[in-house]
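Listed below are the residues making up each chain.
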Amino acid sequence: MRRFTAGTWAILLKELRVEVRTKEIMVTAGLFGLLVTVLTSLAFFLDDATALRLAPGVLWVGASFAGVLAMGRAWAREREADAIRGLLLSPVPRPAIYLGKAIGTWIFVMVIDAVLLPIVAVLFRVPLDAQLASVGVILVLGMTGYVAMGTLFAAMSVRTRARDLMLSVVLFPLTSPALVAGVVASREVLGGASLDETLEWLRILTAFDLVAVVSGLVLFEPLMSD
Amino acid sequence: MEFDRVEVQGLVKVYGATRALIGVDASFAAKRVTVVEGPNGSGKSTLLNILGQLVRPTRGKVRYGDENVDRGSDLRAAIGILAHAAMIYPDLSALENLALYAQLYELTKPAEAIAELVDRFEIGRWGERPARTYSRGQLQRLALGRALMHRPQLLLLDEPSTGLDVRGVERLVTTVESERARGAIVVLITHDPKLAERLADDRIALDRGKVVSP
């Protein structure tokens, strides 16, 4: 267990150090998410009520597109100079490699989403109040499972030629439960419902998070060994 | 984990419709350099990846010494690999890369180990710059440090001389000789006949996944 924790921590610190130095993921994925939200807001110039109804969809499209880009870039680093081979050969338990990478990517995605959320609120005239904070909670829950599942498939993409294509084609259908539950729960909350009233959707998101994290921990080693 | 030989028996590896290895038997001993030869696609890298725990065989056994352990973290801690690619992070400096691997290998005295490697492989001030800016020779020195910092019992070399100049090849030869003298089991894949001639104690030839006469 000590080796697992130490390995996860070492890989997470490496992720943060590389990102602080290059700012590659934050800039590319963040700008992409921003572009999606701004262009969408310009395309739908509507009254306040309709804008409020569009906001959840735009937020989740921006966050999920930025997320897939972040996951792809995070694993592209492992491909360069074949660093992943060095990691896999090290004595660190292989699920710890997955977990370190997943937590690192989750942090990047959370920072991007923390910027996207208020921008979507301003562009779509969503009040900056407790309802928006509730949407933030839903976004955190949804993106956790999304990143956990995406990290596993992004890792597999290191070993395939159609990398980005495979990630996008496989990831979105597999994470549709989290994306659908997240969008619907956000829509309900912005429509006036409390978090308690969206409990069924939050349960789906939590269950998906658990399944995604456990799947990643269990499947990473066999998927990377062949 | 300590062992003084590695044996493979009836090793088969199948990728879809392609049979990369077909019933390979071989033995690799400590204090000897075994050169694995063969044309492209003969299964050399697959064999090396199986020895290095990076790929699981479809059938057959790999035996590391007398212990009945064929997988796991302790075993990987006894294996080092050096290839054409440096297996490092180009956005980190040489010192940061070595520090990362010292953490991953849980070295008890990482600072001393890194200082020794810096001295042994002449990693100068350039070691503080991002590895992306290094020459091929500097990258090789970093890769040697990464591969050897934990004093591996089994050292796997996958075409390590590709793209190196004369000095780089000499450094590689000196390093392999010193690892052999230390007691390591060295397995070398190379297309360079001169390098093979200089270093080989034993030779294994592969062709289309099978061991053939060298």
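Residues numbered from 1 in each chain as written. Chains lettered and ligands numbered in written order. Predicted model: local features only at pLDDT ≥ 70, side-chain atom pairs only at ≥ 80, totals over all residues. Heavy atoms only, no water.

Caption draft 1: Layout of the nonpolar core. Counting residues in hydrophobic clusters, the biggest one holds 137 residues, and the most contacted among them are Phe220(A), Val6(B), Phe28(B), Leu51(B) and Leu154(B). With 13 residues, helix H6 (residues 130–157) of chain A is the largest single contributor of residues to this core. Those residues in contact with Leu51(B) that lie beyond four places of it in its chain are Val6(B), Val8(B), Phe28(B), Val62(B), Tyr64(B), Ile79(B), Leu154(B), Leu156(B) and Val187(B). (Core = buried A, V, L, I, M, F, W, Y, C linked by side-chain atoms within 4.5 Å. Buried < 20%, exposed > 50% of the residue type's maximum accessible area, 1.4 Å probe, protein only. Helix = DSSP H or I, 4+ residues; strand = E, 2+ residues; numbered from the N terminus. Contact = heavy atoms within 4.5 Å.)

Caption draft 2: Inspection of the confidence of the model for chain A at higher detail. For chain A, per-residue confidence averages 91 on the pLDDT scale, and 96% of positions sit at 70 or higher. Mean pLDDT per element in chain A: helix H7 (residues 163–174) of chain A is the minimum at 78, and helix H5 (residues 94–123) of chain A is the maximum at 96. (pLDDT = per-residue confidence, 0-100.)

Caption draft 3: Structural view of unusual backbone geometry. Residues and elements named next belong to chain B. Notably, Met 87 is not glycine yet its phi reads approximately 55°, a positive angle. Take Met 87: it is sitting in the loop between strand E5 (79–83) and helix H3 (94–104). According to the relative accessible area criterion, Met 87 is buried, its value standing at 0%.

Caption draft 4: Representation of the interface of chain A and chain B in the model. Contacts between the two partners involve 31 residues from chain A, matched on the other side by 34 residues from chain B. For the chain A and chain B pair, buried surface summed over both sides reaches about 2,900 Å², with 54% attributable to carbon and sulfur atoms. Counting the surface chain A buries against chain B, the share from its top three residues, Arg85(A), Leu89(A) and Pro91(A), is 26%. Put simply, Glu80(A) and Arg132(B) hold a salt bridge, and the shortest N to O gap is 2.8 Å. (Buried area = accessible area lost by both parts, 1.4 Å probe. Salt bridge = Lys/Arg side-chain N within 4 Å of Asp/Glu carboxyl O.)

Caption draft 5: A look at the sheet that holds strand E1 (residues 5–15) of chain B. All names here are of chain B. Taken in spatial order, the three strands line up as E2-E1-E4 in an open sheet, and their pairing is antiparallel. Every other strand in the sheet has two partners, leaving strand E2 (18–29) and strand E4 (59–64) as the edge strands with one partner each. Across the sheet, the mean angle separating the axes of adjacent strands is 15° when strand polarity is ignored. Strand direction decides the pairing type here: E1 and E4, joined by five bridges, are antiparallel. Bridge pairing in E4 links Gln 9 to Lys 61. Where helix H1 (residues 44–51) meets the sheet, its contacts fall on E1, E2 and E4, and the angle it forms with E1 comes to roughly 120°. (Pairing = 2+ DSSP bridges. Axes fitted to C-alpha atoms, helices over the stretch in contact; angles between N-to-C directions.)

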